[in-house]
Amino acid sequence: MPADAVVRARPGLLRAALLIAAKDLAIELRTRSAILSALAFTLLAVVIFFFAWDATAVASIDLAPGVLWVIFTFSGLLALNRSFALEQNDRALDALLASPVDRESIFLGKALGNLVFVCLIQACAIPAVALFYNLPLTGVWPALLALTVAAAVGLVSVGTLFSAMATNTRMAELLLPMLALPFFVPVVMPAAQVTARLLAGRPMDEAWPWLRILLAFDLVFLVACTLAFPYTLED
Amino acid sequence: MGLRSSTLRARAVIVNRMPLAAASPLISAASVTAPSAPMLEAQGVTRVYGRRKALDGVSLSLPAGSCLALFGPNGAGKTTLLRILAGLLRPTRGTVLLAGSPTRGDAAARAQVGLLSHQSMLYDALTVRENIVFTARLYGVRDPLAATDASLERLGMLERAEQPVRALSRGLQQRVSIARAIVHGPRVLLLDEPYTGLDEAGAGALTSLLSELRAQGATLVLVTHNLAEGLALATQAAVMRAGRLVRQDDREAIDGASYAEEYREMVTNAG
């Protein structure tokens, strides 16, 4: 069975990335281990923040954006931790690295799978926060959803890179937050600022400068992390 | 056995009795001559971890349709060599060429290699079929489903195709790993202890599969501790110790019984 007889053409960058993302999501759908723990964490965090909140001191509209993005950050870490952990079982990562796909495809596939995962968690977190803090989501939710995707791009770019770096260490679960959290700041800060303005019904002009910062960091993180990723896998 | 094989055996024995430091360059210079252009070639491959040399100037040249059985004690560098041949590890020095192209950094060269490792390299939450189809798609196999079923059938695993990998025994997982390694029709197959966990029927099926692949022109590198299994398929045999190739012979130059004795002596006494 010579290779030429069965092999058509190797998948391109995006096709390979889609294959890897679909595989990761299929595994998560099958096991549901990370999604269930992330959702449980999200709901518990909303409840704890709610009971720690003094409604007479801070208005819900001022507190909720911060709560939302803190929960987003830490539940995102749960997703990112599992991203390369599932490749370490039985060294499945070796099969990916030995295959003819580019290492950039592996990064983009992993990041895409994480993006879907993080957005799913945020899709549950937003209604939960809105319910507890009585937020006016009507008319705002499409913009909030778009903002979530924009913030998630930056978060998963950095998080996927550091997840790959941390995965071969003994303390991966501790190392990932220590490496990634400082890089989440330029993503989470503008996202929280835009959310506050959206929920307060302020004009979009006020949010636009923060949104530009967020999109700029998205672009920088996505490109830099894609280019840096192949070097994280060197022995 | 003719004059050539006698000479080869004599050379192997000379190498065996030499100190390791002197033996390695002699073997590189006088390695078994390939009858045709090499399909897989390692030139002076060295791999250093910190101060330790895991591989030290290993050179190989394997033509298409050949099978190298690689023997050696634990820690001899066999798995490191296999990982370098597969392009998973970068050699500190030296090069690995597959049909003239470097395996590392060349996706087209990697597409021609099949790898079977110590670990199953499978996703245990996915089914047998999902695992193999995923690999087939990564390699751009023309009809991934048909190729998957064909490779599973060859390993007697088609009826278990819908079972999750985690539900399978070690031996059955090994069969799935072999099916994964051959689904894209590799020209070079790198096998690290392929008989691990296989029952008698599985081992027999694997031997006949590998013989068939070799007859079709595939080049095999077979790492094993079992001399009989290795020699049954081999066209060349080599022994590694302390990161060096300390002996390399054509198969026809080898007498099974004396080779086993010499191997045992070499592994325990050399160096």
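On a predicted model such as this, the values are computed, not experimentally measured, just so you know. (Residues numbered from 1 in each chain as written. Chains lettered and ligands numbered in written order. Predicted model: local features only at pLDDT ≥ 70, side-chain atom pairs only at ≥ 80, totals over all residues. Heavy atoms only, no water.)

Q: So what about the confidence of the model for chain A? Which residues, and what values?
A: A residue-level look at chain A finds 96% of positions with pLDDT of 70 or above and a mean pLDDT of 90. Confidence, expressed as mean pLDDT per element, reaches its minimum in chain A at helix H1 (residues 3-6) of chain A with 54 and its maximum at helix H2 (residues 13-31) of chain A with 95. (pLDDT = per-residue confidence, 0-100. Helix = DSSP H or I, 4+ residues; strand = E, 2+ residues; numbered from the N terminus.)

Q: I'd like to hear about the side chain of B:Ser66, residue by residue, with values.
A: Within the secondary structure, B:Ser66 sits in the loop between strand E2 (52-63) and strand E3 (67-71). Residue B:Ser66 is classed as buried on the basis of its relative accessible area, which comes to 4%. (Buried < 20%, exposed > 50% of the residue type's maximum accessible area, 1.4 Å probe, protein only.)

Q: Tell me what's going on with the sheet that holds strand E4 (residues 93-98) of chain B, and back it up with residues and numbers.
A: All names here are of chain B. Across the sheet, four strands lie side by side as E2-E1-E4-E5; this open sheet has antiparallel pairing. The sheet terminates laterally at E2 and strand E5 (101-102), the two strands that pair on one side only. Bridge analysis of E4 against E5 gives two bridges, and the strand direction is antiparallel. Bridge assignment links Leu98 to a residue of E5, and that residue is Ser101. (Pairing = 2+ DSSP bridges.)

Q: Would you mind going over the sheet that holds strand E7 (residues 188-192) of chain B in detail, with residue names and values included?
A: Residues and elements named next belong to chain B. Strand order across the open sheet formed by six strands is E6-E7-E8-E3-E9-E10, with mixed pairing between neighbours. Whereas interior strands pair on both sides, the edge strands pair on one side only; in this sheet they are strand E6 (113-116) and strand E10 (244-250). Direction aside, neighbouring strands of the sheet carry axes that sit 15° apart on average. Pairing between E6 and E7: four bridges, direction parallel. In the sheet register, Leu115 faces E7, and the bridge partner there is Leu190. (Axes fitted to C-alpha atoms, helices over the stretch in contact; angles between N-to-C directions.)

Q: How would you sum up the interface of chain A and chain B? Please name residues and give values.
A: Bring the parts together and some accessible area is lost; that lost area is often taken as the interface size. Between chain A and chain B, the residue contacts involve 36 residues of the former and 37 residues of the latter. Note on chain A versus chain B: buried area summed over both sides is about 3400 Å², and carbon and sulfur give 54% of it. On the surface where chain A and chain B come into contact, there are two salt bridges. The salt bridge partner of A:Asp94 is B:Arg83, with a shortest N-O separation of 2.7 Å. Residue contributions to the side of chain A that touches chain B peak at eight residues, all from H2(A). Classifying every residue of the side of chain A that touches chain B gives 20 nonpolar, three polar and 13 charged. (Contact = heavy atoms within 4.5 Å. Buried area = accessible area lost by both parts, 1.4 Å probe. Salt bridge = Lys/Arg side-chain N within 4 Å of Asp/Glu carboxyl O. Nonpolar A, V, L, I, M, F, W, Y, C, P; charged D, E, K, R; others polar.)

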